[in-house]
Amino acid sequence: MEKVASGFVRNSASLGGNLVMAQRNHFPSDIATVLVVGSLVNLMNGLKSEEITMEEFLRRTELDSKSILVSVKILDWDRIMSISAGTKMKLLFETYRSAPRPLGNALPYLNAALMAKISRCVSSNGMVVSDCRFAFGAYGTKHAIRATKVEEFLTGKVVSVDVLYEAVMLLRSIVVLDDDTSYPAYRSSLAAGFLFEFFSHLVEVELNKQYHPVGELLAESGAVIQAYGMVADTQKHADMAADLVVVDYDMENLEPPILSVEEAVRKSSFFEVPSFFQPKQVGDFSKGMAEADHKILSAEIKLGSQYYFYMETQTALAVPDEDNCIVVYSSIQAPEDAQSTISRCLGIPEHKVRVITRRVGGGFGGKAMKAIPVATACALAAYNLRRPVRMYMNRKTDMKTTGGRHPMEVTYSVGFKEDGKITALHLDILINAGIGVDISPIIPLFMVGAIKKYDWGAFSFDIKVCRTNHSSKSAMRGPREVQGTFISEAVIEHVASVLSMDVDSVRINNLHTFNSLDFFCKGAAGELKEYTLPSIWDKLAASSSFKERTDMIKQFNMCNKWRKWVGGIELGQGLWTKVKQLTEFSLSAIKCDGMGDFLEKIRIIQADTLSLIQGGLTAGN
């Protein structure tokens, strides 16, 4: 159970919820697979109650809102075995799971639950399988299945290498993956490997010497002299030692690194996005484009990365405690994740690891996943040396390792009417996730949710999470809403520009009605009386005299061609340079007085309340 989800989810979720997700949403549940080998489900629909097997429950059509999962009855195998104690039977039961990461919140490539009743064969020294049940799930099917053909084949047979080989071959023909399932050969081999491992202790397997010494246990070459890390008595000594390290990388037979999303696409280097994180497309894009009066085709947006620039870099302090415990003070946003990782690294139970976070010194998402390696390395050194160890990253190292926001390259095509009403939008989005998966698979779902804030008529997209050789990207300050909102507003402003319309008029024409909101966000629209966005928009426009102010500004600009006041404080962000560049660009466009290079003729003066009394606050950049 410790591998199911995370500690937080296990403490707040329920067994019933997990099973209903598996039945209705085809969630790759580890629990459902385990229960398939021996449990009964009690269902109630109205006044009708029935008891069925877990496998029948999963195979049924999706439960409706009137059906209730009342209880799950797990078979009492101890009692069953005691009944047949005279035959000296033995019960074998194991569960297996393989996932991209050992953390419970990583979806499995395949999970399995294997149960067998065995007894000594009277005519040989082997073990006879008298009964068995094998369940496999999460390999691309809608739900876990029983490998009944393998069960029937093994029942009554003496376990031997030849018998296991035939069973494995039969299992490979049963665990068949859909064409669009990732890593099909690997998942199929996992099923075979799990079955063989389950029975391997009952047979003697002679190792094939053809590939000697490949596969044999050997001491790691150079392990004695190779340094995996260093601990010093002072920070100065640690820095001096680190500066003396010379790393020599062997580049022979290595492919060139993937440094752009375009290269990742050419080499099909992607991270898998699980099916339940796949966002849903809306409507018929081709039909929407056919209804459009105007079209913008293959426009491009490029969104760069951002570094966190929190005040304090990653840091941790680990202190060994009595009874083989350890206390870790970490500037982490998710202490329970550090606790579980440290526990596995040190090989001690989680209750012997205490993680304390008093303050983080600025986080913005950069001290969620990225703080775990620092806390774990610090804990490992302290645990082995049995003395307190402190670790922190200097700013340069911190910037190299923490990644930041996901860069993206977006290509969009949009169709729209003469009044600015958009009829169809298609997005091709390439997300640069870097070298590690981190939280990247969830970005498409939530980013599309942010884009759906407008009624696009029809909305289609192709989003790829690209694996490159950059540092892995992570959560950062609205890690999906920021990009989704930018893309949405860029499209709206482009449409307004083409039509020479006020951008707010285009926004109003594409605000959701309750029906369109329900169409775009199935099950999340709430009730009609709760949807108040259009009325809020109207009230804000009226209370702020928005139209009157807009008209005043337009009139002022018409009558005052050159008098434009722009306030801003130069903070080192290059504000003055940008203003000079934009001014020169604008003046060059209208060819003022036939002059060419304006850059040297433009002067930016300091902020002065005498001439600019409403400059406002310069911040957030």
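Our structure is the block above this text.
Residues numbered from 1 in each chain as written. Predicted model: local features only at pLDDT ≥ 70, side-chain atom pairs only at ≥ 80, totals over all residues. Heavy atoms only, no water.

### Details of the pattern of salt bridges
- Within this structure, the stated rule accounts for 14 salt bridges.
- For the salt bridge of Asp504 with Arg507, the shortest nitrogen-to-oxygen distance reads 3.0 Å. With Asp504 and Arg507 both in helix α17 (residues 503-509) and 3 residues apart, the pair spans about one turn of that helix. Both residues of the pair, Asp504 and Arg507, count as buried.
- Residues Asp551 and Lys547 are paired through a salt bridge, measuring 3.2 Å at the closest nitrogen-oxygen approach. Linking Asp551 with Lys547, this pair stays in helix α20 (residues 546-559), spanning 4 residues, or about one helical turn. (Salt bridge = Lys/Arg side-chain N within 4 Å of Asp/Glu carboxyl O. Helix = DSSP H or I, 4+ residues; strand = E, 2+ residues; numbered from the N terminus. Buried < 20%, exposed > 50% of the residue type's maximum accessible area, 1.4 Å probe, protein only.)

### Regarding the packing of aromatic side chains
- Evaluation of the coordinates by the stated rule reveals 15 aromatic pairs.
- Ring centres of Phe519 and Phe520 lie 6.0 Å apart, and the angle between their planes is 80°; on these two criteria the pair is classed as edge-to-face.
- Here a set of aromatic residues connected by ring pairs shows up, and it is made of Tyr307, Tyr308, Phe309 and Tyr310.
- Seen from the ring of Phe153, Lys157 lies directly overhead, with NZ or CZ sitting 4.3 Å from the centre. (Phe/Tyr/Trp six-rings, centres within 6.5 Å; stacked < 30°, edge-to-face > 60°. Lys NZ or Arg CZ within 6 Å of the ring centre and 35° of its normal.)

### Side note on the nonpolar core
- Tyr412, Val414, Leu427, Ile429, Trp456 and Phe459 are the most contacted members of the largest nonpolar core, which has 41 residues in total.
- If you list the elements that add at least two residues to this core, you get β8 (294-303), β13 (408-416), β14 (422-434), α15 (443-451), β15 (459-467) and α16 (481-499).
- Top contributing element to this core by residue count: α16, with 7 residues.
- With near-sequence residues (within four places) excluded, Leu427 lies in contact with Val410, Thr411, Tyr412, Ile451, Phe459, Ser460, Phe461, Asp462 and Ile487.
- Ile145, Val168, Ala191 and Phe198 belong to the second largest nonpolar core, which has 36 residues in total. (Core = buried A, V, L, I, M, F, W, Y, C linked by side-chain atoms within 4.5 Å. Contact = heavy atoms within 4.5 Å.)

### What about the sheet that holds β14?
- The strand order across the open sheet built from 4 strands is β8-β13-β14-β15, with neighbouring strands paired in mixed fashion. Of all strands in the sheet, those bounded by a partner on one side alone are β8 and β15. Shown here is a sheet whose adjacent strand axes are inclined to one another by a mean of 10°, direction ignored.
- The pairing of β13 with β14 spans 9 bridges and is antiparallel. By the bridge assignment, Tyr412 is partnered in β14 with Leu427.
- Along the sheet, α16 makes contact with β8, β13 and β14, crossing β8 at roughly 140°. (Pairing = 2+ DSSP bridges. Axes fitted to C-alpha atoms, helices over the stretch in contact; angles between N-to-C directions.)

### Observations concerning the environment of Pro479
- With respect to the helices, strands and loops of the structure, Pro479 is situated in the loop between β15 and α16.
- In this structure, the C-alpha to C-alpha distance between Pro479 and Met21, residues 458 residues apart in sequence, is 26 Å.
- Setting aside residues up to four positions removed in sequence, Pro479 forms contacts with Arg405, Ile439 and Ile443.

### With respect to the pairing of β13
- The buried fraction of β13 amounts to 7 of the 9 residues, a majority that puts the element mostly inside the structure.
- Inspection of the sheet shows β8 paired to β13 by 8 bridges, in the antiparallel sense. Looking at β13, one finds that Lys302 is bridged to Glu409.
- Taken together, β13 and the strand that follows it, β14, pair antiparallel across an intervening segment of 5 residues, in which Gly420 is found at a positive phi of about 95°.

### Re the layout of surface pockets
- Roughly 1,300 Å³ of volume is contained in the second largest pocket.
- What lines the second largest pocket is a set of 29 residues, among which Met230, Val231, Ala238, Ala242 and Met391 lie closest to the centre.
- Contributing elements (two or more residues each) for the lining of the second largest pocket: α9 (235-244), α13 (372-385) and β12 (389-392).
- The biggest single contributor to the lining of the second largest pocket is α13, with 6 residues. (1 Å grid on protein atoms, 1.4 Å probe; cavity = no way out; pocket = protein on both sides within 12 Å on 5 of 7 lines; lining within 4 Å. Points joined across faces, edges and corners; volume = space filled by probe spheres on them.)

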